[in-house]
Amino acid sequence: MEPLSADGTELDGFFDILEERRRSSDLSYAFRTFTPQPYRGATPISAAALNRMVLESQHLSYIIQEIMEESDKPHEALLEEASTMLDEMSQNLQLGFIRLLGYALSKVFKSVFSSIHVNEDGLTRLQQAIQEYPVILMPNHRSYMDFLALSYIMFTYDLSIPVIAAGIPLMGMKLIGEIFRRSGAFFIRRAIGSDKLYWAVLSEYVRTIVRTGYAPLEFYVEGLRSRTLKSLTPKLGMMHMVLEPFFKGEVFDICLVPISISYERVLEESLLAHELLGVPKPKETIGALLKARTVLKEDYGCMHVCFGNTVSVRDLVKGKINCRQYNLVPRDLPMKPNEETQEFVSGLAYMIIRLQERNAILCTWNLMAVVLLQNLQGIDLDLLTHKTLWLRRLVLRFGAHLRWPKNVPDSEVMSSSMRLHHSVVRCEKGRVYLVEEEGPGPVTQEEGVFRRAAAVLMCASYRNQAVHVFTRPAMVAVAMTTAASSSTDEIFHHFKFLLELFSNEFVLIPGQAVQDFEEGCSLLQQSGAISRSDEEIYVRDNGQETIIFLRAILQPFIESYQVVFRYLCEESSQTFREKLFLTNIRCFIMKLLISGEVEMYECLSSDLQKNVLSALLRMAAVTKTKVDDQNEFRVNKSAVKRIWDMLSKGWTPQISVNGRL
């Protein structure tokens, strides 16, 4: 089963690394000779020596001196505190534990995945880059399997094992946490806040790894694992840390490597849906891991890992930042990045996520999920097959990479995908439905809605893996519907409004509205859906189906935002705190779903509700202040109503069934 390129042919260069593992000894694999080629500018140092360099750095000494003057704490106490932080944080990479992990992961991966496909040309580029420059590995983050899979691949191909920025909860798993630490993980607290000393220790630790070329450094630019499986807007703290050695002239260049990890089925699919519905995330413990062994008995299909083209920071920075400003301050002293630098770092982070999206490999199920979510009452299998094949042609025209087995009947491809996703979908008497959880005893109305919502959100997570392919043309399609005329300027005005409103929902690079509009229009033209003149855009006769489908892609987001706007305008108090907001709006939406007044189950997603608040903050319809260490929001209801009216203009809430896929 090889992926297809945009023209429908098989992609070259992807190889299944589990094929060899199934034919040979895992013990021999784990204990073979391992000879990675290190960074040429690096002097080999131990983890303990790396820690000493951090504690003895002028940067940390300067920050400690500042804190002494602010708090009257003695130098020895602050240095001891910094040393404790570093002990908690630091990795202790050891080859013996990498071999142990390699052996264990061979067993696990062969059990849960049918294949792990890797593009070897990307690994060849990475191997060259590791020898020449400090390398930063930047994968997307969809599963706890992500960093395990990357280290496994690096070990398989004799590449330097990365050190990995991980969340502190993993460290609390005692034995497992220690194995991860000795396999290269370093642990970062989730809530650092204004802890000046911790920031100094962390930033100096990261910069020292990059500056010395100790090992490739891996971190998730999205910050957190995506619970919706959509890309998240980037977090910039770690990005600034890894780039500072270049800005200060301590390294000649830094090489960034975008990595796209695509799962046919995600291990945490049910867990993620329940988290979005307000069920607390389980604590990471040995007990939880042992309970997860039942999950490991399932089949999760294929994983694709695409190592993208390397990105040179030196090449990108030309003409954008005057690095001479850094020569005015001693390298060891902290320097707050100016506006020019912040803009560059932000743009670079967004660019990496867009590259991750472009290199993602879609699968049959992603397309089926799109169709199923537009037919929640069920759909005949023959019609589902027909609609999915139509959608396959569209995504290939839009330039997506698609895994669709060749020389296998389409009906068998669809049936195989449904068998793999038996936890989400079922087929009865030739009709396909979403699967809802079963439970003991009678089900209350609230429990019924909850189970239905969990099923919808599980299915939506797989649609979300493909949603980036449609985002820009879909926004053009909606703007064409809501605009008062076919004028390009009028349509662009509505498009910009959608960009601003949904810039937390989708990854949209700030300041690139014109480029995004042109991209959306270009894809619609290539697919034959629209025609353009200098001043007008109009739908072609044979393009109506595409336009209606693209509107339906955004329908769950538009209608969910409308529900939140309604709550804020009609039910919410003028001021509220975030935790109370999530509880109250969940109750409000639950009542609407039970009554049948609303049918969009996705509006129960807590991530979506938070994204609405973030959008309204940015659009100045909501303000935020700190009260008793909690976020307090104040709503300008008239401003929210104006945004609500703008979003609803020309929008028919329920698209007819015949108008959808």
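Below you will find a few notes about this structure. (Residues numbered from 1 in each chain as written. Predicted model: local features only at pLDDT ≥ 70, side-chain atom pairs only at ≥ 80, totals over all residues. Heavy atoms only, no water.)

Some details on empty space enclosed by the protein
The condition that has to hold: A pocket here means an open set of points on a 1 Å grid, computed over the protein atoms alone, that has protein on both sides within 12 Å along at least five of seven lines. A cavity is instead a set of points where a 1.4 Å probe fits but cannot get out; residues with an atom within 4 Å of a point line either one. Grid points are joined across faces, edges and corners, and a volume is the space filled by probe spheres set on the points. Secondary structure elements are taken from DSSP: a helix is a run of H or I of four residues or more, a strand is a run of E of two residues or more, and numbering for both begins at the N terminus.
Under the counting rule described, the total for this entry stands at 6 cavities of 30 Å³ or more. As a volume, the largest cavity reaches approximately 250 Å³. In terms of lining residues, the largest cavity is bounded by 23 residues, among which R142, L229, S231, Q465 and H468 are the most central. Elements represented by at least two residues in the lining of the largest cavity include exactly β8 (255–263), α16 (339–358), β11 (361–363) and α21 (467–482). With 4 residues, the single largest contributor to the lining of the largest cavity is α21.

Topic: the pairing of strand β4 (residues 135–139)
Here is the rule we go by: Exposure is judged per residue with a 1.4 Å probe applied to protein chains only, and the accessible area is read against the type maximum: over 50% gives exposed, under 20% gives buried, and values in between give partly exposed. Here, a strand pair is defined by DSSP locating no fewer than two bridges between the strands.
Of all 5 residues that make up β4, 5 are buried, and the element is covered over most of its length. Covered by surrounding structure in β4 are V135, L137 and P139 together with I136 and M138, the residues of both alternating faces. Sheet analysis places β4 next to β8, joined by 5 bridges and oriented parallel. Each bridged residue has a counterpart across the sheet, and for M138 the counterpart in β8 is P258. Pairing geometry for β4 and strand β7 (residues 217–218), over 2 bridges, is parallel.

Comments concerning the sheet that holds strand β18 (residues 575–577)
To keep things clear, this is the line we draw: Where helices are involved, their axes are fitted lines through C-alpha atoms of the stretch in contact, as for all axes, and angles between N-to-C directions lie from 0 to 180°.
Here we have 3 strands laid out as an open sheet, ordered β18-β20-β19, and antiparallel in their pairing. Of all the strands in the sheet, the pair left with one neighbour each is β18 and β19 (622–627). Going across the sheet, the axis of each strand differs from the next one's by a mean of 30 degrees, ignoring polarity.

Quick word on the pattern of salt bridges
Heads up, the rule is: By salt bridge we mean one thing: a side-chain nitrogen of Lys or Arg within 4 Å of a carboxyl oxygen of Asp or Glu.
Per the counting criterion, the structure on display carries 43 salt bridges. Notably, a salt bridge pairs E264 with R403, separated by 3.3 Å at the nearest N-O pair. On the criterion of sequence distance, the pair formed by E264 in the loop between β8 and α13 (269–276) and R403 in strand β13 (residues 401–403) is long-range, its members being 139 residues apart. Overall, the relative accessible area of 6% leaves R403 in the buried class. A network of salt bridges, in which partner residues are shared, links E204, R207, R211, E244, K248 and E250.

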